[in-house]
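# Residue-level structure breakdown
For reference, the chains in residue letters:
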Amino acid sequence: MPEGTLCNKKTIDTKEQLQALLADKSGKEYYEQMNDLDVDRKALWGVIQKSLKSRTKTWLEICSHCGLCAESCFYYLANNRDPKQVPSYKIQETLGKLIARKADVDNAFMQKCMDWAYSKCTCCTRCGVYCPFGIDTGIMFSYLRGLLYGQGFVPWEMKIGSGMHRIFRAQMDITTEDWVDTCEWMAEEYEEDWPGLEIPVDKENADIIYTVNAREPKHYPEDIAEAAILFHVAGENWTVPSEGWEETSLAMFAGDWEAAKMQVESVYDAMDRLKPERMVVTECGHAYRATVIEGPYWAGLKTGKTPIDSLHYVEWVAEALRTGKLKIDPSKKIKEPVTYQDSCNYIRNGGLADVAREIMSYIAEDFREMTPNREHNFCCGGGGGLNGIGRYREQRNIGMKVKRDQILGTGAKLVIAPCHNCWDAIRDLEEVYKIGIRWSFLKPLLINMLEVPEHLKPKEE
Amino acid sequence: MYEFLTGPMVWISFGIFFIGLIVRGVRYIRGLDWKLDRVTYGENISYGVRGAVRSILFWLFPYGTRSWRKNPWFTLWVFLMHFGILITPIFLLGHNILLKEKLGISLWTLPEAVADTMTVVVIVSVVFLILRRIALPEVRIITNWYDYVLLLIAVSPFLTGFLAYHRVADYYFWLMAHIISGHVLLIAVPLTKLSHFLLFFMTRAQLGMDYGIKRGGMKSKGMAW
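To keep things clear, this report deals only with the structure shown in the data block. The model shown is predicted, which means the values in this text are computed figures rather than measured ones. (Residues numbered from 1 in each chain as written. Chains lettered and ligands numbered in written order. Predicted model: local features only at pLDDT ≥ 70, side-chain atom pairs only at ≥ 80, totals over all residues. Heavy atoms only, no water.)

Here we take up the overall build of chain B. Scanning chain B from N- to C-terminus turns up twelve helices and zero strands. Taking the principal axes of its C-alpha atoms as reference, chain B extends roughly 60 × 40 × 35 Å. Counting every position in chain B, which comprises 225 residues, the buried fraction comes to 46%. Counting only carbon and sulfur atoms, one obtains 75% of the accessible surface of chain B, whose full area is about 11,600 Å². The averaged location of the 11 negative side-chain charges in chain B is 13 Å from the averaged location of its 22 positive side-chain charges. (Helix = DSSP H or I, 4+ residues; strand = E, 2+ residues; numbered from the N terminus. Buried < 20%, exposed > 50% of the residue type's maximum accessible area, 1.4 Å probe, protein only. Areas by Shrake-Rupley, 256 points an atom, 1.4 Å probe, with all protein chains shown as cover. Lys, Arg positive; Asp, Glu negative; His and termini not counted. Charge placed at Lys NZ, Arg CZ, Asp CG, Glu CD.)

Next up, the structure:
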């Protein structure tokens, strides 16, 4: 059974394997090798028989082909209503056929499945909300991704990403030392402006354990500083764990369920170790989805809940504004028209639509809703790992047209996007379509609007 | 033949209908897996029940959900069709006379003109759905012969019943065709996609529980279907 040195069915568990993959720029060799990758039909069918239960089976079976899912899908809309983008069609042609053929499929079919599962679906789950039978194609594509991963048919970046989680318990190569150093560095960097500012690492029994997206220590360390400033001003007793600080899960996008489990367990271990009251997750959608919503199931927690209460960042912000822990200077509220990007992962799939509106009521004078919005909002175009996959860049850019038009429809030039994926996608859509917008997380905006208590201000020399 | 089809065969068809649906329902529930589906069906029960009930009720009423409202014509005809298919045969005068003869019981019955109109509405709805399948590219691409067969199975008892009732041409022929197509429909419900007669409630409840328990139900007023 031929297996490539780079593209194969093995998981990435060592730094050497990871290095070899990273050295293959853009995955050129990796995708070449994929053309020769054999399908282990027996193993694949075995996995399907074990994991395909009545929910998914019934979804595939009773779909009455009514087509109501068509318009729910932003890919369908962005591709000029191409019937080949109808969710029902996409899943029947891939997962549906895979099962109908009892996994007796070839390499070309598996590659088609991979291409479709990543470049024609971001697992935003909007279609499930528009189906009379509640058939959730996004969930099925996620399941398909898992089957594909097991056979080695996974985009290069996702293979790397899940390997990162396995090795570093983070989506990027950040060690415990790197992380702790970054926290210390940021605290020092900002201490002059914010006397007494701390980023307490591994403090036990704190009220809040704060966890992040690895991109923050890697590329945007100031985001950690901003979080620290806001906790500081709000007077929170908080901490970050030295290990188990990463919330994201490229493993979830890759369908590497084993790595997804390892990742969330590192966070739950930190909860057990440090015994905080609650967890707050940074402004990231899929991170919250992975660790707070789906994670307990991967870890086999029977309650379906994280070991301690877990909040998305917007929940903490809303609470801090509501209780007056953070006060907004009315003269500094956002005056220009501003809109809010509802992230699929914590709004549609997390129920936090009202929380987001509550925040906007405190900070914006001219808040403009996108249409549609809240649970019915469209994916930014970069969900499901798509932002990070070079192979499907063109398809993603086409998909972003829907978000572009939604934003243009509001008339706002500022988009608040408390989700790393949305934030990236909106940045990229500005780069591609040049519509003259700005985009931001909440943290920097909030810091500029705060009423800072006298005793927290720097002393005049 | 007539005696058999209106006698023992009725028991057989209803037997297959009910037992088949029970088997479907039991198999569906037994096949749910909290860990694989990632929904704690047995925990957080109040949230699960609320989610399931909301998910079913919003969709059970015409224009109750955004999806129904976005597709007003489809919604209209689909609801009329389902209403007609479910209500007409149960409260039809002719069926109840038969019931009285055979079992000595009968239900309240629809005025004949109303039943007749409902039958026509069912037929027109099915025609609408067939034309829609042909006309809309996004529906055409996912439509296969099986979808047409199902529409045919569903409409046949109504079409034949209508023709028999109005004594169009050979009454006995259409009557027999009506009885046979009725049996086919009853038997087809548990054995085909028409099992959504029951599974609609199951899959709706399942996704409702998913949203009610896991996907935001504990942090919001409930999914805005």
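Okay, back to it.
Looking now at the packing of aromatic side chains. Scanning the entire structure with this criterion turns up 30 aromatic pairs over all chains. Arranged with centres 6.0 Å apart and planes meeting at 40°, the rings of Y89 of chain A and W116 of chain A form a pair that is tilted. In this pair, Y89 of chain A sits in helix 6 (residues 87–100) while W116 of chain A sits in helix 7 (residues 107–119), placing the two residues 27 residues apart along the sequence. Ring pairing ties together the aromatic residues W59, W68, F74, F79, Y211 and W225 of chain B, which thus form one cluster. Directly above the ring of F378 of chain A sits R126 of chain A, whose terminal nitrogen or CZ lies 3.9 Å from the centroid. The ring of Y433 of chain A has R404 of chain A lying over it, and the distance from NZ or CZ to the ring centre is 4.7 Å. (Phe/Tyr/Trp six-rings, centres within 6.5 Å; stacked < 30°, edge-to-face > 60°. Lys NZ or Arg CZ within 6 Å of the ring centre and 35° of its normal.)

Moving on: the sheet that holds strand 7 (residues 414–416) of chain A. All names here are of chain A. Taken in spatial order, the four strands line up as 6-5-7-8 in an open sheet, and their pairing is parallel. Only two strands of the sheet have a single neighbouring strand rather than two, namely strand 6 (367–368) and strand 8 (438–440). Relative to strand 8, strand 7 runs parallel, the two sharing three bridges. If you follow L414 over to strand 8, its bridge partner there is R438. Lying over the sheet, helix 22 (residues 420–433) contacts strand 7 and strand 8, oriented at roughly 170° with respect to strand 8. (Pairing = 2+ DSSP bridges. Contact = heavy atoms within 4.5 Å. Axes fitted to C-alpha atoms, helices over the stretch in contact; angles between N-to-C directions.)

Each partner contributes to the interface: chain A provides 57 residues, whereas chain B provides 55 residues. In this assembly, chain A packs against chain B so that about 4,700 Å² is buried in total across both faces, 57% of it on carbon and sulfur atoms. Run the count over chain A and chain B and you get ten salt bridges. Measuring nitrogen to oxygen at the nearest pair gives 2.6 Å for the salt bridge that ties E294 of chain A to K214 of chain B. Along the contact surface separating chain A from chain B lie 26 residue pairs in polar contact (both at pLDDT 80 or more). At the level of secondary structure, the elements contributing two or more residues to the side of chain A that touches chain B comprise helix 3 (41–51), helix 4 (54–62), helix 6, helix 8 (126–130), helix 16 (285–298) and strand 4 (309–312) of chain A. In terms of residue class, the side of chain A that touches chain B is made up of 25 nonpolar, 18 polar and 14 charged. (Buried area = accessible area lost by both parts, 1.4 Å probe. Salt bridge = Lys/Arg side-chain N within 4 Å of Asp/Glu carboxyl O. Polar contact = N/O pair within 3.5 Å; in protein donor to acceptor, adjacent residues only side chain to side chain. Nonpolar A, V, L, I, M, F, W, Y, C, P; charged D, E, K, R; others polar.)

All names here are of chain A. Omega for the peptide link from T371 to P372 comes to -10°, which places this bond in the cis form. Summarising the element assignment, P372 is placed in the loop between strand 6 and helix 20 (393–399). Backbone geometry at H65 places phi at a positive 55°, although glycine is not the residue there. Here H65 lies in the loop between helix 4 and helix 5 (74–78). Residue classification places H65 among the buried positions, given a relative accessible area of 7%. Phi is positive for R374, close to 50°, though the residue is something other than glycine. Turning to its location among the elements, R374 is positioned in the loop between strand 6 and helix 20. Classification of R374 by relative accessible area gives partly exposed; the value is 25%.

Residue and element names in this part refer to chain A. Note: strand 3 (residues 278–281) against strand 4, four bridges, orientation parallel. Following the sheet pairing, V280 is matched in strand 4 by L311. Following the chain from strand 3 across helix 16 to the adjacent parallel strand 4, one finds a crossover that is right-handed. (Right-handed = clockwise from strand over helix to strand, strands pointing away.)

Take the packing of helix 10 (residues 145–165) of chain B against helix 11 (residues 171–191) of chain B next. All names here are of chain B. Closest axis-to-axis distance for the helix 10/helix 11 pair is 8 Å, and the angle between their directions is 155°. When the axes of helix 10 and helix 11 are compared, the pair comes out roughly antiparallel. For helix 10 against helix 11, the interelement crossing comes out left-handed. In this structure, helix 10 contributes I153, A154, S156, P157, T160, G161, L163 and A164 to the contact, and helix 11 contributes Y171, W174, L175, A177, H178, S181, G182, V184, L185 and A188. Taken together, the residues of the contact of helix 10 with helix 11 break down into twelve nonpolar, six polar and no charged. (Parallel < 35°, antiparallel > 145°, perpendicular 65-115°, else oblique. Left-handed = near helix turned anticlockwise from the far one by under 90°.)

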